[in-house]
Amino acid sequence: MFDKVLIANRGEIALRVLRACKEMGIPTVAVHSTADADAMHVRLADESVCIGPPPAAESYLNMPRLLAACEITGADAVHPGYGFLSENARFAEILEEHSITFIGPTSEHIRIMGDKIEAKSTARRLGIPVVPGSDGAIADEVQASRVAKEMGFPVLVKAAAGGGGRGMKVARTAQDLDMALKTARAEAKAAFGDDSVYLEKYLERPRHIEVQVFGDGKGNAVYLGERDCSLQRRHQKVMEEAPSPALNAEGRKKIGTTVAKAMQKIRYRGAGTVEFLYEDGEFYFIEMNTRLQVEHPVTEMITGLDLVIEQIRIASGAPLTLSQDEITLSGHAIECRINAENPKTFRPSPGSITYWHPPGGLGVRVDSGAYQGYRIPPYYDSLIGKLIVHGKNRNECLMRLKRCLSEFVVEGIETTIPLFADLVQQPDIANGVYDIHWLEKYLQKP
Ligand code: ADP
C-alpha cells in the first residue's frame, strides 16, 4: 500500500478522497492555491503544500508544482479527483516517470478515451453500440453537408476534445450547418486549443444513462449498475439518480455485461464511466470518462461500496475484491449538486457563508467542504456540495430528499437548493419521466 497520497484537487472531492485515505490509514497531503488556504481539505490533511496563486493554471493545473509537492512531502501516489488534471494523459505519464503512482487508468487509456472521435471508434470495435455520426473528424463544409444529409437532420456538431458541454452546436436544417460548424469550431479552439469537430445524429428525447465500471488492469472488470443523469442544464448534470427509472433488471444486465466485457478486453484499470444516450430502448455510446465522477456517491449508496477505496486498492496493484454476482443493488439514491449560484439566473454567488446547517438522519449524506464562516473564492467551479439521499425505494428516497431540502439552510450566499425544492414537487420528477431536455424546458416556463 502507499506511504502517502497527495490529493491534486480542491473542494468536496479533495475531502472525499482524504476521507477514504484516512479510513485506510494512509497519510495525506493536501495541495492548495493561496485562495484556498482556509479550505477544509487543507485543515483535515496530515500535511499541506501551497502550490501557487488562485488561477488554476498556476496552481491546480500546474504539473511542475504538483511534482515538487510530491518530492517535498515524499508522496508516492497522487489522486487527481475529477476535473483539473484527472484526464490528462501527460500528467499520468510524468508521474509514472517519477515512480509516483497515478490513481487512475494508464496514460494510454486516458489518451484513447480523451479524444472523443477515437473513443467512439474504440467503443465500436469493442462491440458497444455507438450513436450514429461521422466516421472521424470533419474536414470541411462539403463533407459535413454530405454526412448530415446521409444521417438526416437534426445533427449535432461536437468538439473532439470536448468536455463540460462546450463546443456543441445543433443544426436543425442544412442552412444551419455552416453556422453550427463555425461556432462549434471557434468554441472548441477557445476552450481546448483544438478545433477538430465531428458530427452526430442529434437525438430529440433521449435519457443520459451511464454505466459505472471497475477494472483491475489484469483483465478482470465488473459493472456497478447505472446512473441516470438526464436532468441537465446546458448539457451539464444537475441531479442524478441510481438506478435509472427507465431500466429494468434485464436491460441493466445487458448493457452492463456489454460494457464490462469491453473493459475486460482492453484490460482497463480503475474506475471508469461509459456514457450513453438511451432512446426507445436503445443505447448509444457518447463518451467514456476515465476517472471518478461527481455523481459517484449514488452508486456507492446503492452498492454499499466505497469507490475511492477501490480506486486506491487497485492502483496499489491489488486485484478486484468483488465478482459480478457479489455486487447487489439495493434501494434508490438521488444526488443534488448544490452550487453557489442564483437558483433562477444561475449567476455565480461567491462570498462568505454566514450560516450553514446541513440536513441529517438515516440515509442522508452531505459531501461538502463548506462550513459556517467559509469564504467561497470566485476563481473555481461553483459546486460547493452534494446532497445525496438513499431510500428503500424511489418513493422513500424522494420523500427523504424533500425533507432534507427543507432542513438545509445556507445563508450569506445564494445556492441552488430552492431549485431542487421545486423540482421534487414536479409530477414528472416524481414519476421519473424526463429526458435530457426536460429541465431546460422547465426553466424556460414563466
Ligand atoms: P461533454 O463531454 O461536453 O459533457 P458529452 O458528449 O458527454 O459532452 O455530452 C453531454 C450532454 O450533451 C449529454 O448528456 C446530452 O445531454 C447531450 N448530447 C450529447 N450528444 C448528443 C446527441 N447526439 N444528441 C442529443 N444530445 C446529445
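Analysis parameters
- Residues numbered from 1 in each chain as written.
- Predicted model: local features only at pLDDT ≥ 70, side-chain atom pairs only at ≥ 80, totals over all residues.
- Heavy atoms only, no water.
- Pairing = 2+ DSSP bridges.
- Helix = DSSP H or I, 4+ residues; strand = E, 2+ residues; numbered from the N terminus.
- Axes fitted to C-alpha atoms, helices over the stretch in contact; angles between N-to-C directions.
- Contact = heavy atoms within 4.5 Å.
- Disulfide = S-S within 2.5 Å.
- Buried < 20%, exposed > 50% of the residue type's maximum accessible area, 1.4 Å probe, protein only.
- Salt bridge = Lys/Arg side-chain N within 4 Å of Asp/Glu carboxyl O.
- Phe/Tyr/Trp six-rings, centres within 6.5 Å; stacked < 30°, edge-to-face > 60°.
- Lys NZ or Arg CZ within 6 Å of the ring centre and 35° of its normal.

## Details of the sheet that holds strand β6 (residues 155–159)
Spatial strand order, β7-β6-β8: 3 strands in an open sheet with antiparallel pairing. The sheet terminates laterally at β7 (168–171) and β8 (197–201), the two strands that pair on one side only. Strand-to-strand twist of the sheet, defined as the mean angle between neighbouring strand axes without regard to direction, takes the value 25°. Each of β6 and β8 touches helix α7 (residues 141–151); the most contacted strand, β8, lies at about 15° to it.

## Observations concerning the state of the cysteines
Inspection of every chain in the model, using the stated rule, returns 0 disulfides. Looking at C397, it has no disulfide partner, and the nearest cysteine sulfur is the one in C336, 9.1 Å off. On the basis of relative accessible area, C397 is assigned to the buried category, the value being 0%. Cysteine C404 is unpaired, with the sulfur of C336 as its nearest cysteine sulfur at 9.1 Å.

## A look at the pattern of salt bridges
One pass over the structure, following the stated rule, counts 31 salt bridges. As a salt-bridge pair, K4 and E47 come within 2.5 Å of each other at their nearest N and O atoms. Taken together, the residues K4 in the segment before β1 (5–7) and E47 in strand β3 (residues 47–52) connect sequence positions 43 residues apart. Classification of E47 by relative accessible area gives partly exposed; the value is 30%. Residue E295 pairs with K237 through a salt bridge whose shortest N-O separation is 2.9 Å. With a gap of 58 residues between them, E295 in the loop between β13 (282–289) and α10 (296–303) and K237 in strand β11 (residues 236–242) connect regions that are remote in the sequence.

## Structural notes on the packing of aromatic side chains
How two aromatic rings sit relative to each other is set out by the distance from centre to centre and by the angle between their planes. With the rule as written, the count across this model stands at 10 aromatic pairs. Arranged with centres 6.2 Å apart and planes meeting at 90°, the rings of F91 and F102 form a pair that is edge-to-face. Taken together, the residues span a long stretch of sequence, with F91 in helix α4 (residues 89–97) and F102 in strand β5 (residues 101–102) at a distance of 11 residues. For F91, a relative accessible area of 1% puts it in the buried group. When its relative accessible area of 1% is taken as the criterion, F102 is described as buried. For the pair F276 and F283, a centre-to-centre distance of 5.4 Å together with 75° between the ring planes defines the contact as edge-to-face. Like F283, F276 is buried. Directly above the aromatic system of Y434 lies the positively charged group of R207, at a separation of 4.5 Å from the ring centroid.

Geometric values such as these leave the question of function open.
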